[in-house]
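Structure at a glance
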Amino acid sequence: MSEKRFHSPAGAVTDGAVQADFESAVRFDKAFVGALGVYYRDGFKTKYIPYPSLERAFIRIQEVNGRFCCGKAVFAYYRLVLVVDGKEWGDIMSEDEKAMDDALAAIARCAPAVSIGFVK
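Since the structure is predicted, the reported quantities are computational estimates derived from the model, not experimental observations.

1. Section: the sheet that holds strand β10 (residues 115-116)
The strand order β9-β8-β7-β10 describes an open sheet built from four strands, whose pairing is mixed. The open sheet has two free edges, formed respectively by β9 (87-94) and β10, since each of these has just one partner strand. Pairing between strand β8 (residues 71-84) and β9: seven bridges, direction antiparallel. By the bridge assignment for β9, V84 is matched with K87.

2. Details of the sheet that holds strand β1 (residues 6-8)
Read from one edge of the open sheet, six strands run β2-β1-β6-β5-β4-β3, paired in mixed fashion. In this open sheet, the two edge strands, each paired with only one partner strand, are β2 (11-13) and β3 (26-28). Along the sheet, successive strands turn relative to each other by an average axial angle of 30°, direction set aside. Pairing between β1 and β2: three bridges, direction antiparallel. Residue F6 lies in a different strand from β2, and its bridge partner there is V13. In the packing of helix α1 (residues 16-24) onto the sheet, contacts are made with β1, β2, β3, β4 (31-33), β5 (37-42) and β6 (45-50), and the angle to β5 comes to roughly 80°. Seen against the sheet, helix α2 (residues 97-110) touches β3, β4 and β5 and runs at an angle of roughly 25° to β4.

3. Regarding the side chain of D21
On the secondary structure map, D21 appears in helix α1. Among residues more than four places away in sequence, those in contact with D21 are G34, A35, L36, G37 and Y39.

4. Here we look at the pattern of salt bridges
Applying the stated criterion across every chain yields a total of four salt bridges. The residue K98 makes a salt bridge to D102 at a minimum N-O spacing of 2.8 Å. One end of the pair, K98, and the other, D102, are both in helix α2, four residues apart, so they sit about a helical turn from each other. Overall, the relative accessible area of 56% leaves K98 in the exposed class.

5. Topic: the environment of E88
Counting through the fold element by element, E88 comes out in strand β9. The exposure class of E88 is partly exposed, given its relative accessible area of 46%. Taking C-alpha positions, E88 is 18 Å from A111, a pair spaced 23 residues apart along the chain. A polar side-chain atom of E88 sits 2.7 Å from a polar atom in the side chain of R60.

6. Some points on the pairing of strand β7 (residues 56-68)
As paired strands, β7 and β8 are joined by 13 bridges and run antiparallel to one another. Residue pairing across strands places N65 opposite V74, the latter belonging to β8. Adjacent in sequence and paired antiparallel, β7 and β8 are bridged by two residues. Note: β7 against β10, two bridges, orientation parallel. In the sheet register, R56 faces β10, and the bridge partner there is S115.

Analysis parameters
- Residue indices follow the written sequence of each chain, beginning from 1 at its first position.
- Totals for whole chains, interfaces and linings use all residues, but because this is a predicted model, local features are given only for residues with pLDDT of at least 70 and pairs of side-chain atoms are given and counted only at 80 or more.
- Excluded from the side-chain calculation are hydrogens and water; included are all heavy atoms of the structure.
- Two strands are said to pair when DSSP picks up at least two bridges between them.
- Here a helix means four or more residues in a row that DSSP labels H or I, a strand means two or more in a row labelled E, and each is numbered from the N terminus.
- To get an axis, fit a line to the C-alpha atoms, keeping to the stretch in contact for a helix; angles then go from 0 to 180 degrees between the N-to-C directions.
- Every residue pair with non-hydrogen atoms within 4.5 Å of one another is taken to be in contact.
- The term salt bridge refers to a side-chain nitrogen of Lys or Arg lying within 4 Å of a carboxyl oxygen of Asp or Glu.
- With a 1.4 Å probe rolled over the protein chains alone, any residue whose accessible area is under 20% of its type maximum counts as buried; one over 50% counts as exposed, and the rest are partly exposed.
- We define a polar contact as two N or O atoms separated by no more than 3.5 Å, with the added condition that, inside protein, one atom must be a possible hydrogen donor and the other a possible acceptor, whereas residues neighbouring each other in sequence contribute only through side-chain atom pairs.

Don't take any of this as a statement about function, it's just geometry.
Pasting the structure below:
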């Protein structure tokens, strides 16, 4: 079986250790948190952000106001944002707030050097 290709901020990665880490990573809705980094699907690609290049991770809440024939409704989307080199490189969207909070907590456990949450 051929190795899976992962797309990182530094370019394509086809390392066997990364493949094994992806397969053993804990899944939080659309985010996969492993021992080496964070993985997620972006179209047909699997993105990989290794912890040494990850500067900050935080949750962004996107509120969407819906108007219907019978009234209004508010929908919330929770986005796990991953910052690399001062830019928002990863943006994982989910409707499950607990999954995104748990993913952020898992990142904090696996990479204590990463800034978590709001930073002035």
